[in-house]
Amino acid sequence: MEIRAARSEDYDPIIAVVDDWWGRPIAGSLPRLFFDHFHRTSLIATSDGVLAGFLIGILSPSSAEDAYIHFVGVNPAVRSTGLGRLLYERFFELARADGRTRAGAITAPVNAGSIAFHQRMGFAVRGPVAGYDGPGKDMMVFSRAL
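Everything numeric in this text was worked out from a predicted model, so none of it was measured. (Residues numbered from 1 in each chain as written. Predicted model: local features only at pLDDT ≥ 70, side-chain atom pairs only at ≥ 80, totals over all residues. Heavy atoms only, no water.)

Draft legend 1. Quick peek at the pairing of strand S3 (residues 50-59). Within S3, nine of the ten residues are buried, leaving the element largely enclosed by the surrounding structure. Strand direction decides the pairing type here: strand S2 (residues 43-47) and S3, joined by five bridges, are antiparallel. Note on S3: the bridge partner recorded for Ala45 is Gly53. With seven bridges connecting them, S3 and strand S4 (residues 66-74) associate as antiparallel partners. (Buried < 20%, exposed > 50% of the residue type's maximum accessible area, 1.4 Å probe, protein only. Helix = DSSP H or I, 4+ residues; strand = E, 2+ residues; numbered from the N terminus. Pairing = 2+ DSSP bridges.)

Draft legend 2. Representation of the pattern of salt bridges within the structure. In total, this model carries six salt bridges according to the counting rule given. As a salt-bridge pair, Asp10 and Arg4 come within 2.8 Å of each other at their nearest N and O atoms. Take Asp10: its relative accessible area is 9%, and that puts it in the buried class. Note that Asp66 is salt-bridged to Arg102, the shortest N-O span being 2.5 Å. In this pair, Asp66 sits in strand S4 while Arg102 sits in strand S5 (residues 102-107), placing the two residues 36 residues apart along the sequence. (Salt bridge = Lys/Arg side-chain N within 4 Å of Asp/Glu carboxyl O.)

Draft legend 3. Spotlight on unusual backbone geometry. Here the amide bond leading from Gly127 into Pro128 is cis, since omega sits at 10°, within 30 degrees of zero. Along the polypeptide, Pro128 turns up in strand S6 (residues 124-129). One non-glycine residue, Asp48, lies in positive phi territory at about 55°. For Ser80, which is not glycine, the phi torsion reads 70° and is therefore positive.

Encoded structure:
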């Protein structure tokens with residue numbers, strides 16, 4: 001498995017598969033701007049040249065303590081191999097190297113798999129937080145010390 005920093009040109013191959021990986025339309029949550037402006041803090045995993053997974057991460061420009069994981073995807077063919085954990089751990093290393101002391105993320109309350117994964121990764125879980133992403137958009141909020 002090779003893990004590297006993302007590049008702007010990674011957008012097209014990822015957006016081409018993300019709906020299939022999720023089994024539902026999700027591409028709208030991953031605009032190109034993340035690849036254009038946050039590629040240095042995002043990660044791409046490949047195996048034998050094939051996209052295996054990715055993590056879109058942000059070092060908060062507003063809070064020097066915070067890092068945020070916006071979106072993570074793992075190819076269904078390599079799920080349950082520890083790749084998701086590895087991507088998170090690499091992002092944590094990157095965030096700590098920049099002096100960040102806390103990581104956060106969110107997910108929908110119906111995403112039981114994501115909630116369980118974040119709990120296994122040591123995140124505190126709060127929610128559902130009513131209206132977190134606007135009226136009627138409740139979210140689970142994750143926080144973890146780095």
